[in-house]
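# Analysis of the macromolecular model
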Amino acid sequence: MWVLKTATAELHYFKDCTSVPGGYAILSHTWTQDPAGEQTFQHVQKITEECKSTGGNPRNRVCEKIRRCCEIAEKDGYAWVWIDSCCINKESSTELSEAINSMFDWYALSEVCYVYLDDVPHGDDPHAKSSKFRTARWHSRGWTLQELLAPAFAVFFSQEWTNIGTKYDLRVPLSKCTRIDVEYLTREWDFRAHPSIARRMSWAARRKTTRVEDEAYCLLGLFDINMPTLYGEGRHAFQRLQAELVKHSTDVTLFAWGGCQTTSDDGREQNT
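Rules used throughout
Residues numbered from 1 in each chain as written. Predicted model: local features only at pLDDT ≥ 70, side-chain atom pairs only at ≥ 80, totals over all residues. Heavy atoms only, no water. Helix = DSSP H or I, 4+ residues; strand = E, 2+ residues; numbered from the N terminus. Rg over C-alpha atoms; globule rule 2.2 N^0.38 Å. Buried < 20%, exposed > 50% of the residue type's maximum accessible area, 1.4 Å probe, protein only. Contact = heavy atoms within 4.5 Å. Areas by Shrake-Rupley, 256 points an atom, 1.4 Å probe, with all protein chains shown as cover. Expected span 1.5 Å × (residues − 1). Bend = angle between axes of the 7 residues up to and from the residue. 1 Å grid on protein atoms, 1.4 Å probe; cavity = no way out; pocket = protein on both sides within 12 Å on 5 of 7 lines; lining within 4 Å. Points joined across faces, edges and corners; volume = space filled by probe spheres on them. Nonpolar A, V, L, I, M, F, W, Y, C, P; charged D, E, K, R; others polar. Core = buried A, V, L, I, M, F, W, Y, C linked by side-chain atoms within 4.5 Å. Salt bridge = Lys/Arg side-chain N within 4 Å of Asp/Glu carboxyl O. Polar contact = N/O pair within 3.5 Å; in protein donor to acceptor, adjacent residues only side chain to side chain. Pairing = 2+ DSSP bridges. Axes fitted to C-alpha atoms, helices over the stretch in contact; angles between N-to-C directions. Phe/Tyr/Trp six-rings, centres within 6.5 Å; stacked < 30°, edge-to-face > 60°. Lys NZ or Arg CZ within 6 Å of the ring centre and 35° of its normal.

### Looking at the overall build of the chain
Helices and strands together make up the secondary structure of the chain, namely 10 helices and 9 strands. In terms of C-alpha radius of gyration, the chain reaches 19 Å, essentially the compact-globule figure of 19 Å for 272 residues. Viewed in the frame of its principal axes, the chain has a C-alpha envelope of about 65 × 40 × 35 Å. Looking at the chain as a whole, 50% of its 272 residues qualify as buried. A separation of at least 24 residues holds for 60% of the contacts in the chain among residues at least 6 apart in sequence. With the model as given, the accessible surface of the chain reaches about 13,000 Å², and the carbon-plus-sulfur share is 50%.

Written out as C-alpha cells, the structure reads:
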C-alpha cells in the first residue's frame, strides 16, 4: 500500500493498511472532467525525484487537490494520507488488481475519510432541497458508494475546501440523495449483512463508472467478494460478480434486483 507523507507529499510503501504508523487519512473525490488534470503515481514520483536535486518540498509542486488534502490531514494530526489518483501504480496490473480488491478495507480502516466535492460551493446548505450538495457529481459515481459506506468517520468539504459537515451531520440529506437508509449510513444497521443483495444492488443502479468493468469491480467490497480484475472483459465482469455471489450467498434476490421499487409513507424504499 502506497501512502503520501502529509508533510511532503512523498510516496511511501507499507505492506498493508494496518502497518501504517499512527493510521492514515483517506480521500474520496471525483476525478476532474479532464483525466489529464489528475496527477498519477508516476507524476508524484517524478516531482519527488526532481525535488531531491533542488532541495524543495514536493508538496509545493503537486496539484492543488493533493496539496490541500495533505495540508488538512497534517493539521488534523495525520502523518499519512491515501489518494486513489496517485497512490496506485496503475501501470502494474497486479498492483491495480490488488488495490481494487483491497480498497473497501482501506476506506473502512482509515482514521478519517475526507470527501471533496468540487462542484459544491462554499455557503451551500446541504439540508435545503435545492442545494448543490444534493446534486453533487460525487453521489452519482460508482466507486463513491463504497467510499460513503465503508469509513466510520467522514468529513465533507466544498470546492473551496471548507468543512461542510460529517457523515453523521449530513445523514438525512445523504439518505435522500443516495436512497440509502440513515441507519446504514450511521452503522446502526450492518450494510453488508442486513440488506438483501437486491437492496444493495439498487443503491448502485443509478451510479455510473467510466469503465464498464468498474460497474462490477466497484461493488466487490460492498459484497465482501474478491476476484481478479480483467479490464477489457466488458459486461462479463458483472456476470463473474454474480457467479461469485451465488457461491457465497443463498439470497435469490440476486436475480431480481432490477425489479420495481416503491416508496413507503416514511420515505423508505421497498422492493416489490
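### Digging into helix 4 (residues 93–108)
With 16 residues, helix 4 extends 23 Å between its outermost C-alpha atoms, agreeing within 8% with the 22 Å of an ideal straight helix rising 1.5 Å per residue. Considering bend angle alone, the principal kink of helix 4 is centred on Ser102 and spans about 50°. All of the buried residues in helix 4 are Leu96, Ser97, Ala99, Ile100, Asn101, Ser102, Met103, Phe104, Trp106 and Tyr107.

### Things to note about the layout of surface pockets
As a volume, the largest pocket reaches approximately 790 Å³. Surrounding the largest pocket, 24 residues form its lining, Trp31, Arg141, Trp143, Thr210 and Asp214 being those nearest its centre. Secondary structure elements with two or more residues in the lining of the largest pocket: helix 4 and helix 5 (144–149). At 3 residues, helix 4 tops the list of elements feeding residues into the lining of the largest pocket. For the lining of the largest pocket, the class distribution of residues is 8 nonpolar, 8 polar and 8 charged.

### Section: the nonpolar core
Core analysis: the largest hydrophobic core is formed by 81 residues, its most contacted members being Leu4, Trp82, Tyr114, Leu219 and Leu241. With 7 residues, the top contributor of residues to this core is helix 4. Once residues within four sequence positions are removed from consideration, Tyr114 is found in contact with Ala25, Ile26, Leu27, Ser28, Cys69, Ile72, Ala73, Asp76, Tyr78, Val155 and Phe157.

### Some details on the pattern of salt bridges
Overall, the coordinates contain 15 salt bridges when judged by the stated rule. Close ionic contact of Arg67 with Glu71 constitutes a salt bridge, the shortest N to O distance being 3.2 Å. Pair noted here: Arg67 and Glu71 are both in helix 2 (residues 64–75), with a separation of 4 residues, about one helical turn. A salt bridge links Arg137 to Asp119; its shortest N-O distance comes to 3.9 Å. A residue pair is termed long-range when its members are at least 10 positions apart, and Arg137 in the loop between strand 5 (112–116) and helix 5 and Asp119 in the loop between strand 5 and helix 5 qualify at 18 residues.

### Observations regarding the side chain of His29
The topology assignment puts His29 in the loop between strand 3 (25–28) and helix 1 (41–54). Polar side-chain contacts of His29 include one of 2.8 Å to the side chain of Lys65. A polar contact is formed between the side chain of His29 and the side chain of Asp84, at a distance of 2.7 Å. Setting aside anything within four residues of it in sequence, one finds His29 in contact with Glu38, Lys65, Ile83, Asp84, Ser85, Tyr116, Trp138, Thr144 and Glu147.

### A look at the sheet that holds strand 5
In space, the 7 strands of this open sheet follow the order 2-1-4-3-5-6-7, with mixed pairing throughout. The open sheet has two edge strands with one neighbour each: strand 2 (10–13) and strand 7 (163–166). Strand-to-strand twist across the sheet, computed as the mean angle between neighbouring axes with direction ignored, equals 30°. Of the pairings in the sheet, the one linking strand 5 to strand 6 (residues 154–157) comprises 4 bridges and is parallel in character. Following the sheet pairing, Tyr114 is matched in strand 6 by Val155. Here helix 1 sits on the sheet in contact with strand 1 (2–5) and strand 2, set at roughly 110° to strand 2.

### A look at the pairing of strand 7
Where strand 6 meets strand 7, 3 bridges bridge the pair, whose relative direction is antiparallel. In the sheet register, Val155 faces strand 7, and the bridge partner there is Thr166. Between strand 6 and the antiparallel strand that follows it, strand 7, lie 5 residues; Trp161 among them carries a positive phi value of about 65°.

### Focus on the environment of Ala204
With respect to the secondary-structure elements, Ala204 resides in helix 8 (residues 197–204). Linking Ala204 and Leu219, residues 15 residues apart in sequence, is a C-alpha distance of 8.2 Å. Setting aside its immediate chain neighbours within four residues, Ala204 contacts Leu145 and Leu219.

### A short note on the packing of aromatic side chains
Using the criterion set out here, one finds 14 aromatic pairs in the structure. Residues Trp2 and Tyr13 carry aromatic rings whose centres are separated by 5.3 Å and whose planes lie at 65° to one another, so their mutual orientation is edge-to-face. A residue pair is termed long-range when its members are at least 10 positions apart, and Trp2 in strand 1 and Tyr13 in strand 2 qualify at 11 residues. Where Phe133 meets Phe156, the ring centres are 5.8 Å apart and the plane angle is 70°; that geometry is what we call edge-to-face. With a gap of 23 residues between them, Phe133 in the loop between strand 5 and helix 5 and Phe156 in strand 6 connect regions that are remote in the sequence. For Phe133, a relative accessible area of 0% puts it in the buried group. By relative accessible area, which is 0% here, Phe156 ends up buried. Lying across the ring of Tyr168, Arg171 places its NZ or CZ 3.9 Å from the centre.

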